[in-house]
Amino acid sequence: MEIKFRNRIKALSLFANVGVAESYLHDVGVDVVVANELVEKRARFYRHLYPEVNMIAGDITDEGIYNEIIHKARLESVDFILATPPCQGMSCAGRKDPQDPRNSLIFYAIKAIKDLNPKFVLIENVPRQKQTKLNMGSKCVPIPEFVEAELSDNYQFNEKRVINAMDYGVPQSRQRYFYLLVRKDEGVHWEFPQPDGKIITLKDAIGALPSLDPLLREESERYRFPDYERKRKDGLKISKWHIPPLQTWKYVEWLIHTPTGCSAFQNEIFFPSKDGRRIKGGPQTYKRMSWDKPATTVMSNSNIISAFTTVHPGRVIINSNLEYERQYSDPRVLTIYELLIISSLPLDWDIPDWASDCMIREVIGEGIPPLMVKRAIENLIVEGKYNQ
């Protein structure tokens, strides 16, 4: 059943990235009309995807940029704000620095909400923001306490705020902190719907895709994958984005002998090393994902085989209890096409040809899985009877 606002809603997107979160908003009756993004390349990517949106590129902390955003949003009678302030200062994958200036960008989201007074607001960030404090001059205040103090007079807040993408049809375990706000005069309480209990595993999501060999940086080592070209062509029949990035042979060799769901650090022979000596590393690095679980959280460095669980689960080529004999396929990171699937992005997402592999991975890793946003808004529409 199609669920959408009977009367379409105009929206403002702040900290818009390239518009990952907006992917399905049009389907539910929400039209983003104004957006803001700091990084010009991302703003260009956004304009490519959404040419009808007034994208204002620039620093929201600049008074001129901020005033332009608010002016254009007022002209358009915006009634929905989507805000995803950068999280690197508080992310578990970041520096966890309470003084990181990016943490205070929430001030500008709150200021915009108070200036525009929209009916609906969705703010997303990492769960760690619960413990992150803002410097208010005389005291430091946790972000949720600040947000509630600023907006609770006019807005009804959701109760359940830490949400995992895998509970809403996304084949990725990705926890995020959401504020779902409805202006009190609407008389509606907005929450995420109850999870249906169905979890989509990696096998469900990408298990049917053709296997790929990595393209090795060292041309002298490429003989090790005699089927590379055939597999590459099979992958390109699926999508021009189903092709793995370059990999270094020594890393690949460690992963060839690493079973599904395991880290190369668990190996006794083919372990991460330098000059023959075992190096130090976290248990989630040089690690293959598991077929029977959703993907781990996609991060901006998904092209790095040594990063946090970025490696394809692989399939058994040679089954053996002996480590030097056992072999697993796909000793590589996920392709961009596979990232689209596990991030719930449209498979025909119109990626501009000029965007680099690293940039595409970065914006996907920093974006909200758009199916989460769609499910949240659908629940608002149903609970508020906005489709009647």
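See above for the structure.
What this report covers is the structure whose coordinates are included nearby. (Residues numbered from 1 in each chain as written. Predicted model: local features only at pLDDT ≥ 70, side-chain atom pairs only at ≥ 80, totals over all residues. Heavy atoms only, no water.)

## Remarks on the pairing of strand β2 (residues 30–37)
Here's step 1: Counting buried positions over the 8 residues of β2 gives 7, a clear majority of the element.
Here's step 2: Relative to β2, strand β1 (residues 9–14) runs parallel, the two sharing 5 bridges. In the sheet register, Leu12 faces β2, and the bridge partner there is Val34.
Here's step 3: When β2 meets strand β3 (residues 54–57), the two strands line up parallel, connected through 4 bridges. In the sheet register, Glu37 faces β3, and the bridge partner there is Ala57.
Here's step 4: With helix α1 (residues 40–49) bridging β2 and its parallel neighbour β3, the resulting β-α-β unit is right-handed. (Buried < 20%, exposed > 50% of the residue type's maximum accessible area, 1.4 Å probe, protein only. Helix = DSSP H or I, 4+ residues; strand = E, 2+ residues; numbered from the N terminus. Pairing = 2+ DSSP bridges. Right-handed = clockwise from strand over helix to strand, strands pointing away.)

## A word on α1
Here's step 1: Of all the residues in α1, the buried ones are Arg42, Ala43, Phe45, Tyr46 and Leu49. Looking down the long axis of α1, one finds its buried residues gathered within 155° of arc, a one-sided arrangement.
Here's step 2: Residues of α1 that are buried make contact with β1, β2, β3 and α9 (357–366). (Arc of directions from axis to C-beta. Contact = heavy atoms within 4.5 Å.)

## Quick notes on the packing of aromatic side chains
Here's step 1: Applying the stated criterion across every chain yields a total of 18 aromatic pairs.
Here's step 2: On the basis of an interplanar angle of 40° and a centroid distance of 5.8 Å, the ring pair of Phe5 and Phe120 is categorised as tilted. You can see Phe5 sitting in the segment before β1 and its partner Phe120 sitting in strand β5 (residues 120–125), a full 115 residues away along the chain.
Here's step 3: The class for Phe120 is buried, based on a relative accessible area of 0%.
Here's step 4: When the ring of Phe178 is compared with that of Phe192, the centres are 5.0 Å apart and the planes differ by 70°; the resulting orientation is edge-to-face. Here Phe192 lies in the loop between β10 (175–183) and α5 (202–206) and Phe178 lies in strand β10, a separation of 14 residues in the sequence. Phe192 carries the same exposure label as Phe178, and that label is buried.
Here's step 5: Taken together through their ring pairs, the aromatic side chains of Phe5, Phe80, Phe120, Trp190 and Tyr386 make up a single cluster.
Here's step 6: Of note, Arg278 hangs over the ring of Phe271, and the distance from its end group to the ring centre comes to 4.0 Å. (Phe/Tyr/Trp six-rings, centres within 6.5 Å; stacked < 30°, edge-to-face > 60°. Lys NZ or Arg CZ within 6 Å of the ring centre and 35° of its normal.)

## Quick look at the side chain of Ser211
Here's step 1: Mapped onto the elements of the fold, Ser211 is located in the loop between α5 and β11 (215–216).
Here's step 2: Among all residues touching Ser211, those that are not within four sequence positions of it are Lys231, Arg315, Ser329 and Asp330.

## Let's talk about unusual backbone geometry
Here's step 1: Within the chain, Asp330 stands out as a residue other than glycine whose phi angle is a positive 50°.
Here's step 2: In this structure, Ser344 is a non-glycine residue whose phi angle is positive, near 65°.
Here's step 3: Inspection of the secondary structure assignment puts Ser344 in the loop between α8 (336–342) and α9.

## Considerations on empty space enclosed by the protein
One water molecule sets the probe size; rolling that probe over the atoms shows where empty space is left.
Here's step 1: One pass over the full model with this rule turns up 3 cavities of 30 Å³ or more.
Here's step 2: There is about 80 Å³ of room inside the largest cavity.
Here's step 3: As for the largest cavity, its lining consists of Met289, Thr296, Thr297, Val298, Met299, Ser302, Phe308, Thr309, Thr310, Leu334, Leu339 and Arg361. (1 Å grid on protein atoms, 1.4 Å probe; cavity = no way out; pocket = protein on both sides within 12 Å on 5 of 7 lines; lining within 4 Å. Points joined across faces, edges and corners; volume = space filled by probe spheres on them.)

## Quick notes on the pattern of salt bridges
In a structure, side chains of opposite charge can pair up when their charged atoms sit close to one another.
Here's step 1: Evaluated as defined, the whole model comprises 23 salt bridges.
Here's step 2: For Arg230, the salt bridge is made with Asp227, and the minimal N-O distance between the two is 3.8 Å.
Here's step 3: When the shortest N-O distance is used, the salt bridge between Glu338 and Arg332 registers 3.0 Å. With respect to class, Glu338 is no different from Arg332; both count as buried.
Here's step 4: Through salt bridges with shared partners, a single network forms among Asp227, Arg230, Asp234 and Lys237. (Salt bridge = Lys/Arg side-chain N within 4 Å of Asp/Glu carboxyl O.)

## Considerations on the side chain of Asn267
Here's step 1: Relative to the helices and strands, Asn267 resides in the loop between α7 (249–256) and β13 (273–274).
Here's step 2: Within the structure, the side chain of Asn267 is placed 2.9 Å from the side chain of Thr258, a separation counted as a polar contact.
Here's step 3: Those residues in contact with Asn267 that sit more than four places away from it in its chain are Trp254, His257, Thr258, Pro259, Arg278, Glu323 and Arg326. (Polar contact = N/O pair within 3.5 Å; in protein donor to acceptor, adjacent residues only side chain to side chain.)

## So, the packing of helix α2 (residues 63–75) against helix α3 (residues 106–116)
Here's step 1: Their axes nearest at 11 Å, the elements α2 and α3 cross at an angle of 35°. In the crossing of α2 with α3, the sense of the turn from one axis to the other is right-handed. Where α2 approaches α3, its residues Tyr66, Ile70, Ala73 and Arg74 are matched on the opposing element by Tyr108, Lys111, Ala112, Asp115 and Leu116.
Here's step 2: Its residues placed into classes, the contact of α2 with α3 shows 6 nonpolar, no polar and 3 charged. (Axes fitted to C-alpha atoms, helices over the stretch in contact; angles between N-to-C directions. Left-handed = near helix turned anticlockwise from the far one by under 90°. Nonpolar A, V, L, I, M, F, W, Y, C, P; charged D, E, K, R; others polar.)

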